[in-house]
Every structure is written in C-alpha cells, then in structure tokens.
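Residues per chain are reported as follows:
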Amino acid sequence: VKAKVSGPFVPTKEDYQKVYDEIARLLVEKDDYDDGSYGPVLVRLAWHASGTYDKETGTGGSNGATMRFAPESDHGANAGLKIARDFLEPVHEKFPWISYGDLWTLAGVCAIQEMQGPVIPWRPGRQDRDVAACTPDGRLPDASKDQNHIRAIFGRMGFDDREMVALSGAHSLGRAHTDRSGYDGPWDFSPTVFTNEFFRLLVEEKWSWKKWNGPAQYTDNTTKTLMMLPTDLALVKDKEFKKHVERYAKDSEVFFKEFSDAFVKLLELGVPFKTEERFVLKKNE
Ligand code: DDH
C-alpha cells in the first residue's frame, strides 16, 4: 500500500466552518463585555479592514489585513478595534493557516449571523501583506460630516446610494464609546441583535442635538437614551437616501437581503480571489 503524499494544506469549507464555530463559541463564552457581546466590535473590524478600498488605485480593502500595523492601527477611526483583533488572536493560534484578512472578515460574517442577522455568503482568498501596504489615514467616513462626504467615501469604494444606505443599517448593532470615537450611546434598544430598527427610529423618532460637552450628536426626544451621528441623520435629510431608509424601515426582509448583498461586496473589495464559489456557513445560535 502506497502512503498518500501530503501536499500543502488546502482548507475546505469544513475547515472554515470550524473557524466559524470557534468564533461563535467564544461569542457565547465571553459575554461579559459591553452590552453582552463582542459581536458589534467584530463587525466594525471587518468593515474598517475592508472600507479602506480605493477603486481608482486598487489599494486598501480586506486583502492584506494591514490594520495589524501602525500607522493604520493608530488611525483615529480604528480606535478600539484592538479589542476585536485581540479577541480573535486565540482563534488564529488554533487555526494558524488562516490569513488575518480571511479571519477578520469571517468573524464579521459570524457575528452578523449569530446576532440573528442575514446569511452572508463568504469566500476565502485574502493574503496577509506587510506594513508597506498600509493605507493612508482619511479613507474611512467622518461622522461629523454630511451626505456629500458619505457619497465621496463610499463612491470611492464603488457603492451606489442604495448600497450606502443598506450598509449604514449596521448601526442597529453596538454603540459609540467616548474613549474611542468621542460619541456616546447605542442607536437602538437591542444593540446585540441585527434588526431594521435603525431605519425605523430614523423615520419615526424625533431627533434633537444632545446637550453635552462632547462632539455634536443627536438624541431621541422620547427617551433621550439613544443616539444618531450627524452622518446617520444625513440619510433622512437627503431625498435620495431617504427613499431607501423608508423602504428598509417598512420591510425588514428587503433590508436583510440588500444589506447582505452590499456586505458581501464590501468584504470582497480588492481581493484577488482564485475561487468563484462562496460558502454559506452554518449558524450556531
Ligand atoms: Fe459605524 N460607527 N460608521 N458603520 N459602526 C461606529 C460604530 C459602529 C460611522 C461611524 C461610527 C458603518 C458606517 C459608518 C458599525 C458598523 C458600520 C462609531 C462609534 C462611529 C463614530 C465607534 C466607537 O466609539 O466605538 C460613520 C461615520 C459611518 C458612515 O457610513 C458615514 C458601516 C457601513 C458599518 C458596517 O458594518 C457595514 C458598528 C457595528 C459599530 C459598533 C461598534 C461597537 O463597538 O459597538
């Protein structure tokens, strides 16, 4: 009997499901953080790793995982994301064959699915690059700005109005922290469950400037416990954006579908994939 010659390890869908399951397990185990879940900050890590993409130069995006290095890790927009990277370090130790770019994006997918969000088909193929591939500061959105800024930033990545609004619905998750962005508070009452509440509240609630010494942000008139950023309110001030906000506020299924499509696109920007096939990884819950 001939011994099977083993070549380099080529991970299969089952191997990625094992990584997914480990992240999901840690999300349940480590529930003593923030609102009870690392899920939202993992989603933000996946987004900030991807949202540096520039379609003109083909630079940035989740290929490379250059947020491992300063200066990118020190960019103001990335404050607090070390918490997410450190959360994933034991997962990388257990599965050292996965690239950080694949790990961070897979963690975003896992977090969204485990927080009852839509299914996000995902594929591997990112390769870690060195510090020279770090992107310049200023590629991620600035919350103090308006609709023109949103269109400039997301247009640079190659998104249209509808996709920009859909992606913004991720703010149904998590909260702002005064020691990270300077802003404060959650967008809705269920920050660890993925819903269309962000859009419903934008449409149905009345929002006023918060009276405080921090950066200019809005608070809801009813409970004064929720928040919106100036860029969030820009989504209802702009007529074209508002059409989509209203669609998503009314129909959670449509939001889930369009968010999923846009998030798949976000995570794949600038990645030279060798495979067409995407994996739908199974939820744990
Ligand atoms: Fe965001 N976001 N985001 N965001 N974001 C913040 C938190 C979270 C902007 C600013 C902020 C997206 C778009 C925008 C998440 C996901 C996504 C915070 C607070 C600021 C500020 C950070 C802190 O203090 O901890 C701006 C501006 C925009 C914009 O589009 C103009 C998008 C597209 C996503 C996405 O995931 C697709 C998530 C999740 C959080 C909560 C993080 C946490 O720790 O909780």
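For the structure, see preceding data.
Right, let's walk through the structure included here. (Residues numbered from 1 in each chain as written. Predicted model: local features only at pLDDT ≥ 70, side-chain atom pairs only at ≥ 80, totals over all residues. Heavy atoms only, no water.)

Some details on the overall build of the protein chain
- Looking only at helices and strands, the protein chain has 10 helices and five strands in total.
- In terms of overall dimensions, the protein chain has a C-alpha envelope of 75 × 40 × 35 Å along the principal axes.
- With 285 residues in all, the protein chain has 54% of them scored as buried.
- Long-range pairs, those at least 24 residues apart, make up 71% of the contacts in the protein chain with a sequence separation of at least 6.
- On the protein chain, roughly 13500 Å² of surface is accessible, and the fraction owed to carbon and sulfur atoms is 51%.
- Computed over 39 positive and 45 negative side-chain charges, the inter-centroid distance for the protein chain is 2 Å. (Helix = DSSP H or I, 4+ residues; strand = E, 2+ residues; numbered from the N terminus. Buried < 20%, exposed > 50% of the residue type's maximum accessible area, 1.4 Å probe, protein only. Contact = heavy atoms within 4.5 Å. Areas by Shrake-Rupley, 256 points an atom, 1.4 Å probe, with all protein chains shown as cover. Lys, Arg positive; Asp, Glu negative; His and termini not counted. Charge placed at Lys NZ, Arg CZ, Asp CG, Glu CD.)

Digging into the coordination of the iron atom of the ligand
- One donor from the polypeptide reaches the iron atom of the ligand: H171 (NE2), at 2.1 Å.
- With respect to the helices and strands, the residue H171 is situated in the loop between α6 (161-168) and β1 (175-176). (Donors = N, O, S within 2.8 Å, 3.2 Å for Na, K, Ca; no water.)

Side note on the nonpolar core
- I23, L88 and F263 are the most contacted members of the largest nonpolar core, which totals 84 residues.
- It is helix α4 (residues 100-114) that provides the largest number of residues to this core, a total of nine residues.
- For I23, the residues in contact, after removing those within four places along its chain, are L42, F87, L88, V91, L103, A107 and C110. (Core = buried A, V, L, I, M, F, W, Y, C linked by side-chain atoms within 4.5 Å.)

Things to note about unusual backbone geometry
- Here A70 and P71 are connected by a cis peptide whose omega angle stands at 10°.
- You can see P71 is positioned in the loop between α2 (39-50) and α3 (82-94).
- With a phi angle near 70°, Q116 is a residue other than glycine that sits in the positive phi range.
- Topologically, Q116 is positioned in the loop between α4 and α5 (147-157).
- With phi around 55°, K224 is a residue other than glycine that occupies positive phi space.
- Inspection of the secondary structure assignment puts K224 in the loop between β4 (218-220) and β5 (227-228).

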